[in-house]
Every structure is written in C-alpha cells, then in structure tokens.
Amino acid sequence: MLKIYADPITVNCRKVLAGLDLIGEPYELVHVDYFTGQQKEPAYMALNPNASVPAMVDGDFVLWESNAILQYAADKRGNDAVYPRDLQTRADVNRWLLWESSSWFPSCYVFLVENCVKPLLGGSADASVLQAQEAQFHKLASILDARLAGRDWVAGAGPTIADIALAAPMHLHGWQQLPLAQHQNLVRWMTRSVEQLPCWKKTTVYQGFTTTPPAA
Ligand SMILES: N[C@@H](CCC(=O)N[C@@H](CS)C(=O)NCC(=O)O)C(=O)O
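The shown structure was predicted, so the numbers you read here are calculated from the model rather than taken from an experiment. (Residues numbered from 1 in each chain as written. Predicted model: local features only at pLDDT ≥ 70, side-chain atom pairs only at ≥ 80, totals over all residues. Heavy atoms only, no water.)

A.B. asks: Can you walk me through the pattern of salt bridges in this structure?
C.D. replies: Note that side chains of opposite charge can pair when their charged atoms are close. Applying the stated criterion to the full structure yields 10 salt bridges. For the salt bridge of R85 with D75, the shortest nitrogen-to-oxygen distance reads 3.4 Å. Taken as a pair, R85 in the loop between α3 (66-77) and α4 (87-120) and D75 in helix α3 lie far apart in primary sequence, 10 residues in all. The exposure class of R85 is partly exposed, given its relative accessible area of 47%. Between K118 and E114 there is a salt bridge; the shortest N-O distance is 3.0 Å. Remark: E114 and K118 occur in helix α4; sequence separation between them is four residues, near one turn of the helix. For K118, a relative accessible area of 30% translates into the label partly exposed. Relative accessible area serves as the criterion here: at 5%, E114 is assigned to the buried category. Each member of the salt-bridge network shares a partner with another, and the members are D75, D80, R85 and R90. (Salt bridge = Lys/Arg side-chain N within 4 Å of Asp/Glu carboxyl O. Helix = DSSP H or I, 4+ residues; strand = E, 2+ residues; numbered from the N terminus. Buried < 20%, exposed > 50% of the residue type's maximum accessible area, 1.4 Å probe, protein only.)

Okay, here's the thing in structure tokens:
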C-alpha cells in the first residue's frame, strides 16, 4: 500500500489525500507535523530533501511533488476517468497541474499566509503584501474563471485530478479572504462541484487549521 507522509491541514497534503480518495487508491498516512516543523527533520528529509510535505513511498520508490503523486497513483490504479488517457485530454489535465503548481498555488498562498497563518501565530496580515498580490491573483483567477464558464469541471464531464489540484490552494477561501466576487464561475465550481465531492468533504480543514469540526 502507498505510504503518504503528510500533514492533512496543509494545501498540498489535503490535495493528495482528497485526490487519492477520488482515484480510489488506498494509502497509509504517516503524520508529519507541519507546525512543529517535522518536515525539516533529517529522517523526513531523507525522503524529501525539499523539507516540504507531502512525500509518497511505494515499496522502494520514493516520490515528492503532490501533483506527480496524483499522476502516479491514478496510473497505478488505472483510473482513466479521473486521469484520462486520451492524448489531448491528458495534456489538458497536465497543463492545469503545472499551472497550479507554478502560478496558482504561489498566488493563493500569499492570502493563506497573510490572512490565516500570521494571525494564528499572533501576528497580523501585511496589507501591502496583499495589495501587491491582488493584480496577479485576479489575472490568474480570470483565466480559471473563463475556463469554467458553462462547465462543471475543468477537464471533461466529471471530476479529474486537475479539479482537486486547482481547488487545494483555495481550500480555505473564506478564511483566506480570496477576492472571488468578480469570478463567479470559479465560485460556482468550488462551492457546487468540488465542495460537494465526498473526497473533499472527508478531508475538510476548518478555520484554525484543524480537521476537527468546531463545536456547534
Ligand atoms: N510543489 C510542492 C510544494 C510542497 C509545499 O510547499 N508544501 C508546504 C505545505 S503545503 C510545505 O511543506 N512547506 C514547507 C515549510 O513551510 O516549511 C508540492 O506540490 O508537493
């Protein structure tokens, strides 16, 4: 069985845990505590020299980069519905995975750090940092919003690993205070498609970075 070294509260770990559930690939979770910095300990860095989570071990094979883990797991399971084999559909999914990792995650991450992480650690958001990121965020969100016009899912008729990857950086969109008002296709896709998936519900992260639902 796959071993996944992760902290389920982080963007790229939730991505992998939700994605593996969508794929239908079983895994054993090895908890690496992000806030105490276990990803920087030598034992973990022997697996992932980037000192970041997640990492995957399958027998003797070690893999890091969350999107590569999803591609590997989908191919291992042979789940062509969530990672289609058709040449152009697969290229399209791969394109969104690369765009997510190189552009979308870094932009959404600024909002996560400023509006969630810093206040939680006793600091406060830096308005100038948020303001400096705003134009880039809107440029990227507009690209994804345009793609989602008239579609329930990013590629094809059903959910693929691209939907999970793209949703992960905005998983705490309310708490992150992502400026989404002018991107209504994106909001509809996130709230009515992705957030209704069982794999997404099972991996919910709540405000305060906890997987325990707040007391009613
Ligand atoms: N491109 C990598 C990014 C991994 C990454 O940045 N992980 C974050 C958590 S979401 C992390 O562990 N950062 C290390 C740190 O902040 O010390 C992937 O997709 O796996």
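There is more to say after this.
A.B. asks: How should the packing of α4 against helix α5 (residues 127-148) be read in this particular structure?
C.D. replies: A pair of packed helices is captured by two measures, namely the crossing angle of their axes and the spacing between those axes. As a packed pair, α4 and α5 sit with axes 10 Å apart at the nearest point and diverge in direction by 150°. The angle between α4 and α5 places the two elements in the roughly antiparallel class. Helix-helix and strand crossings are classified by hand; for α4 and α5 the assignment is left-handed. Seen from α4, the contacting residues are D92, R95, W96, W99, S103, W104, S107, C108, V110, F111, E114 and N115; seen from α5, they are V129, L130, Q133, Q136, F137, L140, A141, I143, L144 and R147. A class-by-class count of the residues in the contact of α4 with α5 yields 13 nonpolar, five polar and four charged. (Axes fitted to C-alpha atoms, helices over the stretch in contact; angles between N-to-C directions. Parallel < 35°, antiparallel > 145°, perpendicular 65-115°, else oblique. Left-handed = near helix turned anticlockwise from the far one by under 90°. Contact = heavy atoms within 4.5 Å. Nonpolar A, V, L, I, M, F, W, Y, C, P; charged D, E, K, R; others polar.)

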